[in-house]
Amino acid sequence: MNKSFLIGCNLLLLFTLQISLGFAQNPLVTHLFTADPTARVFDGKLYVFPSSDTYPPAGREAEFPRFCMPGYHAFSLENGSTWKDHGWILKENDVPWGEKDTYAMWAPDCIKKDGKYYYYYPAKPKNDKAFRRIGVGVSDNPTGPFKWEKSFIKDVTGIDPGLLLDDDNKAYLFFGGGHELYGAPLKDNMKEVTKKPVRIEGLPAGYKEGSFPFKKDGIYYLTFAHVFPDEGYTIGYATSMKPLGPYTYQGKIMDNIHNGTNHHSVVKYKDQWILFYHSWDISGYNKLRSMRADYMNFKKDGTIKKVVPTLRGIGTPQVNDTIQVDRYNEISGANTAFVGGNEPNGWMVCDAKMNSFVRFDRVKFNGAIKIKARVASGQRKGSFEVRLNNAKGKLIAEFPINYTGGWNTWKTIETDLKEPITGTHNLVVVFKSDWGNTKSINLNWLLLK
Ligand code: FUB
């Protein structure tokens, strides 16, 4: 990994840290590195509880070919498209039983039972030989403050807690990283297991971690990260009629996406199933990861259709939300690149040839009458159009292309929509230029008003 690239990422993070909101496209947030996202719906609201990746502390760089993970933030989805960062839930040196300054806060989970929220996390224990133990805290709110238990959960050694609350209000803790995964029922207090954890039978051979259980239509699904020697990390799943198995392996939910690791969760939100996972497209380095989400679908027989990762992700931006079209569903004849200079937050569409287009699905127009665009141009010929649904769909706005001072000199321009638009549509930008031109305009974002 190139050091100056990392410094660039660092500056980007510092700059964008002041912007506490991200957008419901992939990656979900860009102001810090987030991994291992566990999504949960509490009282109709979608939350994500990820771990976080960071840079090694000065002077300790040599120790960190391993992950450098200082603790946990929590996020909630606001207005259908914006991720709110609630800040630190737990920092490593606040773990009552943890060894200090180890940066070992791996994948967490959080569930609600009887009106209380229980947050489970792994950490490196002090005065204990185990690689990781799992601790728990309780709160009246999903984003804390949590009251952390003084000791880790007895009889549980391992990583990646994944929780299941069954229909009879009994909770189960799954965990493990290795060739086996384990599970145990929890006592009503949610802080102890009722008996020693059992090995989950029926899972496929190979390294596994990231247990995430859920139940649908009476079937227990145990999903997990699963490494194939020739392919690397995938996300797989198995099903059972009993919470602790035996399970039957059903296949992959996601193929390898060239990640060092993948780690996921599954949630039903507003009648749609969503797979959360992580990638490393901001940093280019597999220990500085970013969480993502894409819709997931079941077949009639209850098996899961493979999820193909997209940049578009989930969420429905509307009037006054920044629409980052570079997180597209389809692009043709153009490219995307990370925006440099003083432009914060992500990517631009660039290298747009004549009639190239980029399609961004599911925008709520809400009677919008105007549209803004953030653009940079090193030339002064052509236009770009905004159309509905597809590249030949209804023309709703047209922007002339004017010289802004160069390909990285940015201006916000605005135009009226040809008529007020209601409903939810795909938004398509079509670039017009001279035939043979390899660039027309660099486009950072759009915003409906
Ligand atoms: O993030 C640290 C570890 O990497 C997690 O606990 C694993 O699941 C893998 O994502």
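Residues numbered from 1 in each chain as written. Predicted model: local features only at pLDDT ≥ 70, side-chain atom pairs only at ≥ 80, totals over all residues. Heavy atoms only, no water.

(A) The arrangement of the pattern of salt bridges in detail. Under the criterion given, the structure shown has 30 salt bridges. One salt bridge in this structure joins Lys112 and Asp43, with 3.0 Å as the shortest N-O distance. Here Lys112 is found in strand S6 (residues 109-113), whereas its partner Asp43 is found in the loop between strand S2 (33-42) and strand S3 (45-53), with 69 residues between them in sequence. Look at Asp43 and you get exposed, because its relative accessible area is 66%. (Salt bridge = Lys/Arg side-chain N within 4 Å of Asp/Glu carboxyl O. Helix = DSSP H or I, 4+ residues; strand = E, 2+ residues; numbered from the N terminus. Buried < 20%, exposed > 50% of the residue type's maximum accessible area, 1.4 Å probe, protein only.)

(B) Expanded view of the site of the ligand. All residues in the neighbourhood of the ligand are listed as Asp36, Phe67, Met69, Trp106, Ala107, Asp160, Glu209, Thr261, His263, His278 and Arg289. His263 places a polar side-chain atom, nitrogen or oxygen, 2.6 Å from an oxygen atom of the ligand. Here the shell around the ligand is built from residues that sort into four nonpolar, three polar and four charged. (Near = heavy atom within 4 Å. Polar contact = N/O pair within 3.5 Å; in protein donor to acceptor, adjacent residues only side chain to side chain. Nonpolar A, V, L, I, M, F, W, Y, C, P; charged D, E, K, R; others polar.)

(C) Structural view of the domain arrangement of the protein chain. The domains assigned to the protein chain are domain 1 (3-296) and domain 2 (322-448). Of note, the centres of domain 1 and domain 2, computed from C-alpha atoms alone, are 36 Å apart. (Domains from an automatic or database assignment.)

(D) Representation of the packing of aromatic side chains. The tally for this structure, following the rule as stated, stands at 29 aromatic pairs. Between Phe338 and Trp347, the aromatic rings sit 5.0 Å apart at their centres with planes inclined by 85°, giving edge-to-face as the arrangement. Each member of the aromatic cluster is reached from another via a ring pair, and the members are Phe42, Tyr47, Phe49, Tyr72, Trp97, Tyr117, Tyr119, Tyr121, Phe146, Trp148 and Phe152. Sitting over the face of the ring of Phe228, Lys252 holds its NZ or CZ atom 5.5 Å from the ring centroid. For Lys439, the ring lying beneath its charged end belongs to Trp407, and the centroid distance is 4.9 Å. (Phe/Tyr/Trp six-rings, centres within 6.5 Å; stacked < 30°, edge-to-face > 60°. Lys NZ or Arg CZ within 6 Å of the ring centre and 35° of its normal.)

(E) Structural view of the environment of Pro204. Along the chain, the position of Pro204 falls in the loop between strand S13 (198-199) and strand S14 (208-216). For the pair formed by Pro204 and Arg387, sequence separation is 183 residues and the distance between their alpha carbons is 48 Å. Excluding its chain neighbours within four sequence positions, the residues that come into contact with Pro204 are Phe224, His226 and Tyr249. (Contact = heavy atoms within 4.5 Å.)

(F) Region of the structure containing the environment of Pro185. Mapped onto the elements, Pro185 comes out in strand S12 (residues 182-185). Residue classification places Pro185 among the buried residues on the basis of a relative accessible area of 14%. Taking the C-alpha atoms as reference points, Pro185 and Gly245, 60 residues apart in sequence, are found 12 Å from one another. Every residue in contact with Pro185, bar those within four places of it in the chain, is listed here: Ala171, Tyr172, Glu192, Val193, Thr194, Lys195 and Leu244.

(G) Structural view of the pairing of strand S19 (residues 272-279). Burial of S19 is extensive: seven of the eight residues sit out of reach of the surface. Here strand S18 (residues 265-269) folds back onto S19, and the loop between the two strands holds two residues, one of which, Lys270, carries a positive phi near 50°. Pairing of S19 with strand S20 (residues 290-296) involves seven bridges; the strand directions are antiparallel. Paired with Tyr277 across the strands is Arg292, a residue of S20. (Pairing = 2+ DSSP bridges.)

(H) The confidence of the model for the protein chain, seen in detail. Averaged over the protein chain, the pLDDT score is 92; the fraction of residues at 70 or greater is 94%. Note on residues 1-22: pLDDT is under 50 here. Beyond four places in sequence and across chains, it has 42 contacts. (pLDDT = per-residue confidence, 0-100.)

(I) Seen up close, the side chain of His226. When you line up the elements, His226 lands in strand S15 (residues 219-228). Dropping the residues within four chain positions of it, His226 is found in contact with Pro204, Ala205, Gly206, Tyr207, Lys208, Gly232, Tyr233, Thr234 and Tyr249.

(J) The arrangement of unusual backbone geometry in detail. A cis amide bond links Asn26 to the next residue, Pro27, at an omega of -5°. Among the structural elements, Pro27 can be located in the loop between strand S1 (21-23) and S2. Even without being glycine, Asn127 reaches a positive phi, approximately 50°. Mapped onto the elements, Asn127 comes out in the loop between strand S7 (116-123) and strand S8 (133-139). With a phi angle near 65°, Asn355 is a residue other than glycine that sits in the positive phi range. Within the fold, Asn355 resides in the loop between strand S24 (347-350) and strand S25 (357-364).

(K) Looking closely at the nonpolar core. By size, the foremost hydrophobic cluster in this structure holds 29 residues, and its most contacted members are Val325, Phe384, Leu427, Val429, Phe431, Leu443 and Leu446. For this core, the secondary-structure elements that each account for two or more residues are S25, strand S26 (368-377), strand S27 (383-388), strand S28 (395-400), strand S29 (406-421), strand S30 (424-432) and strand S31 (442-448). When residues of this core are assigned to their parent elements, the largest contribution, four residues, is made by S26. The next biggest cluster of nonpolar side chains, apart from the first, holds 17 residues, and it includes Ala74, Cys110, Tyr121 and Trp148. (Core = buried A, V, L, I, M, F, W, Y, C linked by side-chain atoms within 4.5 Å.)

(L) Local environment of the sheet that holds strand S22 (residues 330-332). Taking strand neighbours across the sheet as the criterion, the five strands line up as S22-S25-S30-S27-S28 in an open arrangement whose pairing is antiparallel. Each edge of the sheet is formed by a strand with only one pairing partner; in this case those strands are S22 and S28. Each strand of the sheet is rotated relative to its neighbour by a mean of 20°, with strand direction disregarded. Pairing geometry for S27 and S28, over five bridges, is antiparallel. Opposite Arg387, over in S28, you have Leu395 as the bridge partner. (Axes fitted to C-alpha atoms, helices over the stretch in contact; angles between N-to-C directions.)

(M) Structural detail: the pairing of strand S5 (residues 82-91). One ladder, built from seven bridges, connects strand S4 (residues 71-78) with S5; its direction is antiparallel. Across the sheet, the residue bridging to Ser76 is Lys84, located in S5. Counting the residues in the hairpin turn of S4 and S5 gives three residues, including Asn79, whose phi is positive at 55°.

(N) A look at the sheet that holds S20. Within the open sheet, the three strands sit side by side as S18-S19-S20. Their pairing is antiparallel. Both edges of this open sheet fall to S18 and S20, since each of them pairs with a single strand only. Adjacent strand axes in the sheet meet at a mean angle of 30°, parallel and antiparallel pairs treated alike.

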